[in-house]
Amino acid sequence: MTDHPAVVGAPVAPSGPETGPRAHPQRPGGPVGPYAFVFWNDDLDDAAVLAQLGEIAEAGFVGVTLSARVGLSRRVGYLTDEFLRLVRVAVDECARLGLAVMLYDEASYPSGSANGAVVARDPAFAARCLVPVTRDVVVPDDGGETGYWRPALGRDLDARLLAVVARRAGDDGPDDAVLLPVRAPGLVRLDLAPGAWRVTAVFDAASGGTIRGAHAEQDDGSALAPPAADLLNRDAVAAFLELTHDAYAAALGEHLGTTVVAMFTDEPFLLGRGHRRLARPYTPGLESEVAAMLDDGSGVDVEQVLRRLPELWDGEDTRPGGTAPDATGFVRAYDDAVRARLHRVYYDAQAAWCAAHGIALTGHPAEPDDLATAGRLHWPGQDTVWRWVLPGGDPATSGLDGPESTAPKVAASAARLRGAPAVTEVLGAYGWRLSLDEARWLLDWYLARGVTTPVLHAFFASVRGGRAFESEPDLGRWNSWWPHLPPLVAYVRRVAELLDAAPPVWPVGVLSRPDAVPSGPVVRALLEGQVDFGYVDRDDESAAARHAVLLDPDDVPDATALDVAALKERLRATGAPVVDAEPAAPDLRAVVLSDHAGFVFFHEGETPVRTWLRLPSVPDDARWWDPFADTRHPVERDADGRVLLELERRRTLALVPAAGHPVSRAAPASGRSVDVTGWRGTVERVVGDRDAIGDDPAVAAPAELGLGDWSREPGLRRLAGSVRYVAEVEVPGGTVSARLDLGVVGEAATVSVDGVVVVHALAAPYVVDLGPLAPGTRTLEVLVSNSAANYYEGDRRPSGLLGPVTLAW
């Protein structure tokens with residue numbers, strides 16, 4: 001096993017029955033809840049594989065997604081006997097630990113190429129595209145001499161000249177387009193009427209796209225990057241399934257359908273990465289399918305399609321995959337044909353293989369708002385990476401507008417149609433500056449929209465060399481806040497299981513295009529007005545049976561035109577459950593659980609929410625349940641039956657029946673308090689090289705720390721890790737319940753009393769309820785972990801217990 005930077009210390013698992021490996025509640029195909037996305041990105045041996053899986057199980061995950069990743073050693077290889085042996089070792093161990101397994105179907109991403117082995121089997125299996133070569137021609141009025149043109153796509157020997165089309169300059173319509181014959185050896189006679197023409201030669205060629213491979217020398221930009229395969233080619237896809245899926249089946253046998261619950265396919269990308277400029281997806285024969293897509297009964301032949309191919313480059317903005325979701329006419333028909341073939345040839349073949357082997361197909365499509373493609377997965381999914389969505393008020397990343405904002409609802413809406421869990425790949429490539437505060441917000445953002453199976457990206461086998469900066473951060477042992485991840489995992493699992501047991505009620509269906517669902521002011525108004533919804537395809541005739549009201553955003557020009565109050569009255573008239581917040585609380589997301597199981601409220605804003613909720617059918621024994629602390633509290637009602645909700649930032653509360661669970665005593669609203677002083681802090685855990693955490697090697701780190709920012713200590717300037725602070729406090733008799741205010745913390749804290757873990761605080765405000773304390777001298781311990789960016793990026797983020805610390809009772 002390759003040596004790695006040292007990590008001293010171990011994570012603190014949540015107390016109580018949530019700790020350690022355990023049986024998971026099953027649903028058809030596998031458990032819901034958090035999965036760990038495992039990156040095998042270095043040289044591996046059995047001991048390393050088993051150790052990482054043990055840590056993940058101890059942290060409370062329900063499963064893992066096992067994947068090869070850039071940096072995997074050549075000794076292990078990809079889909080080699082040694083690689084598959086290690087996969088078997090891992091899956092055997094997961095079976096012992098009670099972890100479900102999703103297999104990953106590619107070496108890095110995007111999926112479908114088997115690390116280049118598909119194209120190695122047959123070069124004709126490489127991803128293909130259409131690309132244009134244009135020439136402007138002016139034919140004089142007297143006709144003049146007719147010339148020839150030999151269009152060429154550089155020195156590409158295998159490019160096929162599919163069509164040459166001449167159109168009048170400035171006229172993009174099909175009526176005057178002329179399909180010119182091609183003569184040997186590839187010459188086109190420019191026999192055109194007088195006037196200005198643009199002549200477009202359309203070539204069928206290899207896209208030149210690649211994937212990110214398994215090994216360090218196979219990444220983007222490398223001459224050894226694996227070629228992307230043609231996912232529209234049945235034979236290429238069959239080769240992919242044979243090389244990858246059949247190899248897994250042979251290695252894992254009886255584990256498929258038991259421990260192995262799913263196959264994860266990752267944003268299949270038709271052109272590959274780094275493809276030719278102006279490329280549009282293609283495979284030989286696609287023009288016949290485009291003709292069928294265009295045919296309205298009057299008959300459309302292939303020649304008519306070829307004549308219109310230049311329209312593909314008439315200024316429509318295309319996505320990286322070469323499609324244009326806002327296109328109309330011919331371009332729309334072409335993209336629809338591409339998508340239909342991708343569904344049929346790639347997704348449906350994968351789905352059939354998985355079904356035959358007793359597992360689910362999951363993962364996510366290339367685009368976040370593609371409802372139709374997500375729906376081809378047994379467990380529909382999406383991803384949110386690269387800091388595309390963040391807490392705060394920036395409209396570009398708020399999670400309330402733009403294609404990325406639709407990802408959770410797209411996954412959940414597609415999953416609802418299948419009666420399946422919705423999946424997300426989340427937290428990936430957010431950088432070492434990702435805080436648990438941000439992670440909690442992102443996970444809540446998905447949970448509030450109905451996603452119950454988040455795959456947390458990622459858990460690195462290694463951070464050796466540049467591996468620390470490949471889609472970072474690691475969420476496991478190489479991260480400073482790893483000791484505080486288990487309580488967050490336990491929280492996500494509790495909420496996911498609640499949402500799975502009583503799926504949210506979506507009274508509104510938002511009508512959508514199949515490949516590009518809407519975001520914008522109308523959807524935002526629904527979310528901010530606590531009106532839950534699902535996306536539905538405009539052509540889905542069954543949608544009216546699933547939703548009380550169908551809403552077409554095209555009929556509502558802006559949010560001010562959507563009368564949410566009137567919409568709620570329409571919903572009440574149908575008998576649908578409605579949530580009203582008085583005063584309005586636009587940062588509050590409300591989930592109504594089915595079967596009268598209760599309500600869940602998520603806070604997506606930055607300031608505390610205090611509002612009265614008018615809710616349908618609140619049972620007399622209802623209690624507020626805090627799924628993070630797993631505590632229950634009394635409900636306050638007013639004379640009108642409204643329920644008071646007080647919710648801090650980064651908090652979630654569920655209003656559910658008491659079900660015999662004990663109710664926690666209320667924390668003190670006022671009373672006595674004391675400043676807790678005399679804190680003594682000692683370094684307990686260090687990420688990275690302990691000898692490289694100071695600015696000056698000659699300056700020794702202090703043996704003991706008090707309150708304050710340890711990054712201001714020259715000897716601890718780059719310390720990323722954990723410090724344990726200890727202090728004593730005198731608790732008087734008669735203390736019913738105590739609350740500890742930690743003041744400023746950088747960045748996560750776990751509080752113990754007399755050696756027993758009591759509570760975790762991962763985000764401000766760092767105010768925690770300790771419950772009743774016995775009188776006398778009590779020992780308080782606060783384990784604080786800071787940002788890993790202090791070590792990996794050289795940041796100086798506030799670190800430690802800064803205080804002041806106050807105990808109130």
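Residues numbered from 1 in each chain as written. Predicted model: local features only at pLDDT ≥ 70, side-chain atom pairs only at ≥ 80, totals over all residues. Heavy atoms only, no water.

Engineer: I'm lost on the overall build of the chain in this one. Help?
Structural biologist: Tallying secondary structure elements over the chain gives 15 helices and 38 strands in all. Taking 28 Å as the expected radius of gyration for a compact globule of 809 residues, we find that the chain reaches 29 Å, a close match to that expectation. For the C-alpha atoms alone, the extent of the chain along its principal axes is close to 110 × 70 × 50 Å. Taking the contacts inside the chain whose residues are at least 6 apart along the sequence as the reference set, 78% of them involve residues at least 24 apart. Total accessible area on the chain is roughly 30,000 Å²; 51% of this is exposed by carbon and sulfur atoms. Taking the average place of the 75 positive charges on the side chains of the chain and the average place of its 113 negative ones, the gap between the two points comes to 1 Å. (Helix = DSSP H or I, 4+ residues; strand = E, 2+ residues; numbered from the N terminus. Rg over C-alpha atoms; globule rule 2.2 N^0.38 Å. Contact = heavy atoms within 4.5 Å. Areas by Shrake-Rupley, 256 points an atom, 1.4 Å probe, with all protein chains shown as cover. Lys, Arg positive; Asp, Glu negative; His and termini not counted. Charge placed at Lys NZ, Arg CZ, Asp CG, Glu CD.)

Engineer: Is there a simple way to explain the packing of helix 10 (residues 436-447) against helix 11 (residues 485-501) in this structure?
Structural biologist: To characterise two packed helices, one gives the angle between the axes of the helices and the distance between these axes. Running from amino to carboxyl end, helix 10 crosses helix 11 at an angle of 10°, the nearest separation of the two axes being 11 Å. Classified by the angle between their axes, helix 10 and helix 11 sit roughly parallel to one another. Contacts between helix 10 and helix 11 pair L436, A439, R440, L443, D444 and L447 from the former with L485, L488, Y491, V492, V495, A496 and L499 from the latter. When grouped by side-chain class, the residues that make up the contact of helix 10 with helix 11 number eleven nonpolar, no polar and two charged. (Axes fitted to C-alpha atoms, helices over the stretch in contact; angles between N-to-C directions. Parallel < 35°, antiparallel > 145°, perpendicular 65-115°, else oblique. Nonpolar A, V, L, I, M, F, W, Y, C, P; charged D, E, K, R; others polar.)

Engineer: Would you take a moment to explain empty space enclosed by the protein for this structure?
Structural biologist: Applying the stated rule across the entire model yields seven cavities of 30 Å³ or more. In this model, the largest cavity occupies a volume close to 280 Å³. Around the largest cavity, the lining comprises 19 residues; the ones closest to its centre are T323, R339, L342, E367 and D370. Looking at the lining of the largest cavity, the element that brings in the most residues is helix 7 (residues 329-356), giving five residues. Looking at side-chain class alone, the lining of the largest cavity contains ten nonpolar, three polar and six charged residues. Considered as a void within the structure, the second largest cavity measures approximately 90 Å³ in volume. In this structure, the second largest cavity is lined by 13 residues; those nearest its centre are P507, Q530, V531, D532 and P577. (1 Å grid on protein atoms, 1.4 Å probe; cavity = no way out; pocket = protein on both sides within 12 Å on 5 of 7 lines; lining within 4 Å. Points joined across faces, edges and corners; volume = space filled by probe spheres on them.)

Engineer: Would you mind going over the state of the cysteines with me for this structure?
Structural biologist: Disulfide: a covalent bond formed between the sulfur atoms of two cysteine residues. As enumerated under the stated definition, the model contains zero disulfides in all. C94 supplies the cysteine sulfur nearest to C354, a cysteine that is in no disulfide, at a spacing of 18 Å. Classification of C354 as buried rests on a relative accessible area of 0%. (Disulfide = S-S within 2.5 Å. Buried < 20%, exposed > 50% of the residue type's maximum accessible area, 1.4 Å probe, protein only.)

Engineer: What exactly am I supposed to notice about the layout of surface pockets here?
Structural biologist: Rolled over the atoms, a probe as big as a water molecule pinpoints where empty space is left. Here the second largest pocket is characterised by a volume of approximately 440 Å³. Along the wall of the second largest pocket there are 25 residues; nearest its centre are Y109, E267, R273, D383 and W388. Residues belonging to the lining of the second largest pocket are distributed by class as follows: twelve nonpolar, five polar and eight charged.

Engineer: I'm lost on the side chain of Q218 in this one. Help?
Structural biologist: Following the sequence through the fold, Q218 ends up in the loop between strand 10 (195-206) and helix 4 (234-252). Of the polar contacts made by the side chain of Q218, one reaches the side chain of N115; its length is 3.3 Å. Every residue in contact with Q218, bar those within four places of it in the chain, is listed here: R74, N115, I211, R212, G213, L224, A225 and P226. (Polar contact = N/O pair within 3.5 Å; in protein donor to acceptor, adjacent residues only side chain to side chain.)

Engineer: Explain the packing of aromatic side chains here, please?
Structural biologist: Geometry of an aromatic ring pair is reported as the spacing of the ring centres plus the angle between the planes. Under the criterion given, the structure shown has 21 aromatic pairs. Taken together, a centroid distance of 5.9 Å and an interplanar angle of 75° make the contact between W40 and F83 edge-to-face. In this pair, W40 is assigned in strand 1 (residues 35-40) and F83 in helix 2 (residues 81-97), connecting sequence segments 43 residues apart. Taken as a pair, W40 and F83 share a single burial class, namely buried. Where F459 meets W482, the ring centres are 6.3 Å apart and the plane angle is 75°; that geometry is what we call edge-to-face. One end of the pair, F459, is in strand 16 (residues 453-460); the other, W482, is in the loop between strand 16 and helix 11, and 23 residues separate them in sequence. Residue class for F459 comes out buried when judged on its relative accessible area of 3%. (Phe/Tyr/Trp six-rings, centres within 6.5 Å; stacked < 30°, edge-to-face > 60°.)

Engineer: When you look at the sheet that holds strand 13 (residues 360-364) in this model, what are you seeing that I'm missing?
Structural biologist: Strand pairing in a sheet relies on backbone hydrogen bonds, with the paired strands running either antiparallel or parallel. Ordered by their spatial adjacency, eight strands build an open sheet running 13-11-3-2-1-16-15-14, and the pairing between neighbours is parallel. For this open sheet the edge positions go to strand 13 and strand 14 (381-384), each flanked by a neighbour on one side alone. Taken pair by pair, the neighbouring strands of this sheet meet at an average axis angle of 25°, ignoring direction. One ladder, built from five bridges, connects strand 2 (residues 63-68) with strand 3 (residues 100-107); its direction is parallel. Following the sheet pairing, A68 is matched in strand 3 by A107. Running over the sheet, helix 4 touches strand 3 and strand 11 (260-266) and is turned about 145° from strand 3. (Pairing = 2+ DSSP bridges.)

Engineer: Just checking my understanding: could you explain the pattern of salt bridges for this structure?
Structural biologist: Opposite charge on two side chains permits pairing when their charged atoms draw close. For the coordinates displayed, the defined rule picks out 66 salt bridges. Measuring nitrogen to oxygen at the nearest pair gives 2.8 Å for the salt bridge that ties R96 to E93. In this pair, R96 and E93 are both assigned in helix 2, three residues apart and thus about one turn of the helix distant. Relative accessible area serves as the criterion here: at 59%, R96 is assigned to the exposed category. Given the relative accessible area of 13%, E93 is considered buried. Close ionic contact of R797 with D795 constitutes a salt bridge, the shortest N to O distance being 3.5 Å. Judged by relative accessible area, D795 falls into the buried class, the value being 14%. When salt bridges with common partners are traced through the structure, they connect D43, D46, R75, E82 and R85 into a single cluster. (Salt bridge = Lys/Arg side-chain N within 4 Å of Asp/Glu carboxyl O.)

Engineer: Please clarify how the nonpolar core should be interpreted in this entry.
Structural biologist: Where a protein is soluble and globular, its nonpolar side chains tend to be buried together. Within the largest apolar cluster, 131 residues are counted, with the highest numbers of intra-cluster contacts made by W40, V64, F83, L309, Y334 and L485. The element contributing the most residues to this core is helix 7, with twelve residues. Once residues lying within four places of it in the same chain are set aside, the contact partners of L485 are F61, L436, F459 and L475. Core analysis: the next-biggest nonpolar cluster, separate from the first, contains 33 residues, W679, I693, W710 and L780 among them. (Core = buried A, V, L, I, M, F, W, Y, C linked by side-chain atoms within 4.5 Å.)

Engineer: Where do I start with the environment of A412 in this structure?
Structural biologist: Take A412: it is sitting in helix 9 (residues 407-418). A relative accessible area of 3% means that A412 is categorised as buried. Along the chain, A412 and Y535 lie 123 residues apart, while their C-alpha atoms are 8.8 Å from each other. Those residues in contact with A412 that lie beyond four places of it in its chain are A422, R449, G450, V451 and W506.

Engineer: Before we go on, may I ask you to explain unusual backbone geometry in this structure?
Structural biologist: Comment: phi is negative for the bulk of residues other than glycine, and the bulk of peptide bonds are trans. The omega torsion across H457 and A458 is 0°, close enough to zero to call that bond cis. Backbone torsion omega between E582 and P583 reads 5°, so that peptide bond is classified as cis. Relative to the helices and strands, P583 resides in the loop between strand 20 (580-582) and strand 21 (588-593). In the Ramachandran plot, A114 falls in the positive-phi region, its phi being about 55° despite a non-glycine side chain. Structurally, A114 can be placed in the loop between strand 3 and helix 3 (117-121). Although it is not a glycine, R387 adopts a positive phi angle of roughly 60°. Along the chain, R387 falls in the loop between strand 14 and helix 9. You can call R387 partly exposed: its relative accessible area is 28%.

Engineer: Explain the side chain of H457 to me, please; I cannot follow it from the model alone.
Structural biologist: Topologically, H457 is positioned in strand 16. We classify H457 as buried; its relative accessible area is 3%. Discounting residues that sit within four places of it in the chain, H457 has contacts with F37, F39, R69, E425, V426, L427, G428, A429, S471, P473 and L475.

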